[in-house]
Amino acid sequence: MKLRHFAIATSIIALTAAACSPSQNEAEAPQAETQIELPALEGQENFTMLVSGVDVGGMDVTHAGGKTVIDYEYRNNGRGPTIKEDIVLGADGIPDRWTIKGATTFGSKVDESFDFDGTTANWTDTTGTISQGVDGSPLYAAQNPSPYALWLYARVLMADSDQSKSVLPGGDLSLRKIEEFDLSSGAETETVSSYALSGIGMNPSYFVVDSDQEFIGMITPETALLKTGYETHEASLRERATEYSARRFEDIQKQAAQTFDGPVRITNVRVFDPETLSLTDPASVVFEGNTIQSVDAADSRAEGETVIDGDGGTLIAGLYEMHGHLGQNNALLNVAAGITTVRDMGNDDDVLGELNNKIKSGRLAGPRIIRSGFIEGKSPFSSNSGKIVSTQEEAVDAVKAYGNGDFFQIKIYNSMKGEWVPAMVEEAEKQGVRVSGHVPAFSTANEMIAAGYDELTHINQVVLGWVLEEDEDPRTLLRVTAMKRLQDLDLDDPKIDETIQAMVENNVAIDPTLTIFELFFNGRNGEDNPAMADFVDNMPVSEQRQSKTAFLDIATDEDDEAYKVAYDKLLKIVTKMHDAGIQLVPGTDLGGSFFHHRELELYQNVGMSAAEVLAWGTQGMADYVGQGEELGSIEPGKLADFFLVPGDPTENLKAIKKISMVVKDGVVYFPSDIYPAFGIKPFAEAPKVTKR
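Attention here is on the structure that accompanies the text. (Residues numbered from 1 in each chain as written. Predicted model: local features only at pLDDT ≥ 70, side-chain atom pairs only at ≥ 80, totals over all residues. Heavy atoms only, no water.)

The secondary structure content of the protein amounts to 16 helices and 32 strands. For 692 residues, the compact-globule estimate of 2.2 N^0.38 gives 26 Å, and the protein sits close to it at 25 Å. Across its three principal axes, the protein shows a C-alpha extent of roughly 70 × 70 × 55 Å. Residues counted as buried form 60% of the 692 residues belonging to the protein. For the protein, long-range pairs separated by at least 24 residues make up 65% of all intrachain contacts whose partners lie at least 6 apart in sequence. Entry remark: accessible area of the protein is about 25400 Å², with carbon and sulfur atoms responsible for 44%. (Helix = DSSP H or I, 4+ residues; strand = E, 2+ residues; numbered from the N terminus. Rg over C-alpha atoms; globule rule 2.2 N^0.38 Å. Buried < 20%, exposed > 50% of the residue type's maximum accessible area, 1.4 Å probe, protein only. Contact = heavy atoms within 4.5 Å. Areas by Shrake-Rupley, 256 points an atom, 1.4 Å probe, with all protein chains shown as cover.)

Checked against the element boundaries, N384 lands in the loop between β23 (368–377) and β24 (387–389). With relative accessibility at 11%, the residue N384 sits in the buried group. At 2.7 Å, the side chain of N384 forms a polar contact with the side chain of N76. Ignoring sequence-local partners within four residues, the contact set of N384 consists of V51, S52, V54, V56 and N76. (Polar contact = N/O pair within 3.5 Å; in protein donor to acceptor, adjacent residues only side chain to side chain.)

Let us now look at the pattern of salt bridges. Inspection of every chain in the model, using the stated rule, returns 37 salt bridges. In this structure, the salt-bridge partner of R545 is E112, at a minimum N-O distance of 3.9 Å. Taken together, the residues R545 in helix α12 (residues 541–547) and E112 in strand β6 (residues 109–116) connect sequence positions 433 residues apart. In terms of burial, R545 and E112 fall into one category: buried. Measuring nitrogen to oxygen at the nearest pair gives 2.8 Å for the salt bridge that ties E305 to R265. Here E305 is found in the loop between β19 (291–297) and β20 (306–317), whereas its partner R265 is found in strand β16 (residues 264–273), with 40 residues between them in sequence. You'll find E305 and R265 in the same group, each marked buried. Via salt bridges that share partners, E518, D534, R598, E601, K654 and K657 belong to a single interconnected network. (Salt bridge = Lys/Arg side-chain N within 4 Å of Asp/Glu carboxyl O.)

For the rest of this paragraph, the subject is helix α3 (residues 328–336). An α-helical turn contains 3.6 residues, so any two residues separated by three or four positions project in the same direction. In terms of burial, α3 is a largely internal element, eight of the nine residues being buried. Burial in α3 covers these residues: Q328, N330, A331, L332, L333, N334, V335 and A336. The secondary structure elements touched by the buried residues of α3 are α2 (234–256), β22 (339–344), α4 (349–361), β30 (661–664), β31 (667–669) and α16 (671–674).

Once that is clear, we can look at the packing of helix α11 (residues 514–521) against helix α13 (residues 557–579). Packed helices, taken two at a time, are described by the angle their axes make and the gap between the axes. In contact at an axis separation of 9 Å, α11 and α13 are set at 165° when each is read in the N-to-C sense. Comparing their axes, α13 and α11 come out roughly antiparallel. Taken as a pair, α11 and α13 cross one another with a handedness that is left-handed. The segment α11 lies against α13, with L514, F517, E518 and F521 engaging Y563, K564, A566, Y567, L570, L571 and V574. Looking at the contact of α11 with α13 residue by residue, the class counts come to nine nonpolar, no polar and two charged. (Axes fitted to C-alpha atoms, helices over the stretch in contact; angles between N-to-C directions. Parallel < 35°, antiparallel > 145°, perpendicular 65-115°, else oblique. Left-handed = near helix turned anticlockwise from the far one by under 90°. Nonpolar A, V, L, I, M, F, W, Y, C, P; charged D, E, K, R; others polar.)

One finds L456, F521 and M577 to be the most contacted residues of the largest nonpolar core, which totals 130 residues. Ignoring sequence-local partners within four residues, the contact set of M577 consists of I459, V462, I500, M503, I510, I582 and L584. V56, V134, V156 and Y195 belong to the second largest nonpolar core, which has 47 residues in total. (Core = buried A, V, L, I, M, F, W, Y, C linked by side-chain atoms within 4.5 Å.)

In the sheet, strand β1 (residues 43–51) pairs with strand β2 (residues 54–64) via nine bridges, with the strands oriented antiparallel. Note that in β2 the partner of T48 across the bridge is G58. Joining the antiparallel neighbours β1 and β2 is a turn of two residues, in which S52 adopts a positive phi near 50°. (Pairing = 2+ DSSP bridges.)

The structure is reproduced here in structure tokens:
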């Protein structure tokens, strides 16, 4: 599915009120401010959307007669948003009226509006309709706008004395100039400026303006939306966005990472033992450098130790998130969530390689990374990551390229031709890399099992072979929406048992990614999504709004019921697989972090106890990827990767959602020191630290 979830973006350039803002229902009215008139916007602006250098769509903006009309659309990996906006700006550049219609990336309908009549602001988004009296001219932070909203906000802030402003429905936006630099095209050189806008979510948005302070575009490490004529600068601008992000997280690393001279003893804890599926008696754990030295009696002490009081909590080995698409923005949040190892399931190879180097060097905080080589067939539906191939020979060569020792496996994607896979598997065996992936379009899971897959990715990819007609193309959103047909599928159908039996006989594992389907199929506008229920109250306003947003187009009562039935049946299918002894692999495709806690929790619904889930998500996955001698449990000689929770997760797995300390490779992190930088209210207090 390869979803980089917006809610797991991160940020620290400025602590905005999104970092400490009230929930939407408690939003405070922005205070009256002296407004400066801005020149009216006129004419046409055109932008190109580029993903890893590939043109996937764009945005057209027309200003005429005091009105701005925006058409924004792109398609990457067979999906993307379609947004049309109509905006009327006041003399101060602030929208007096704003309508947003269209569809989000996964098809959920957008019908958002805002208007201000001089005394009352009225807005409607997925959370409902709200009216609020305000003084002055309020700036509304839209829920589902095009990226041009970034420029509308920034333009207002540039004219403000302190470049910050309170917004509706809650929080502040703030602006910071980063640098001036030159863009050269042939003999011509232009001086431009970059800025960071903070407060919309957990992460700043970076953008560039020309010497006349006109919008050039938005930049991220992976994507760029650039005004026509600037497309040739896409790679260099994305590199700058990567560096801006790296500096930010480097600052967090310096502030949050703690290392201690000599041994560190964590006292008054019980240790989770994945072999016995139980907690030890009260104990103390000593590590020095990045290695666990001993597990001692609770009252053991020695001079010269740094002592961390575990306060009766539970110490658990670091978790494995087995379906990530890691970036700088979610690396630290994964560590704060006790996830010390992530298997990346497909990425821009250079971007991930650079991130991996930064983490290994200690410049950035992040998990250990297990890399997958992403191989996609060339088509109008291609996902623009990894290596895109047009022939079987190119596909085999791509496998060879990933056999350099840096990659644990290859991952095959939707537009690959199924008939090329046996040759790819043969080459993978020569190179010593595993084979995992989606089921290529117009193929079935059974065919990929026979071709030699080691692991199937996403439970829906297996189900498609049971519900699609031969000529239906799952490279579109059909690979998700076709799950509605599960309501007509008998779970005792022989074709289900045939696939499960083939997986058992060929020792094929599956990475079901249950939480993403809970998020999709159980999300409804105006209702908190159950996938986010246990952490959403601690999140910024933007994420609280997102939790009340449907991902899919659920237009009828029949759709509503069909998706609920689909999710229930997916759980039952995974239960059948578990009962048959198929190796399940826990991963989210949602950035990990808080969603990974939910992913683990859901496996209690397919037949695992809380203790079994913990053992499986730690030692079980360490063994699965060949790291079991160094990681997966808390034992002398193993690497110091573990986390501390106040409660007993073997009794209630939700305890893993309240982490007070994480140790990754011997470096100590207190999440309560990290989360405020992202606008997140900490879930637990840091333990007491003393020096003996």
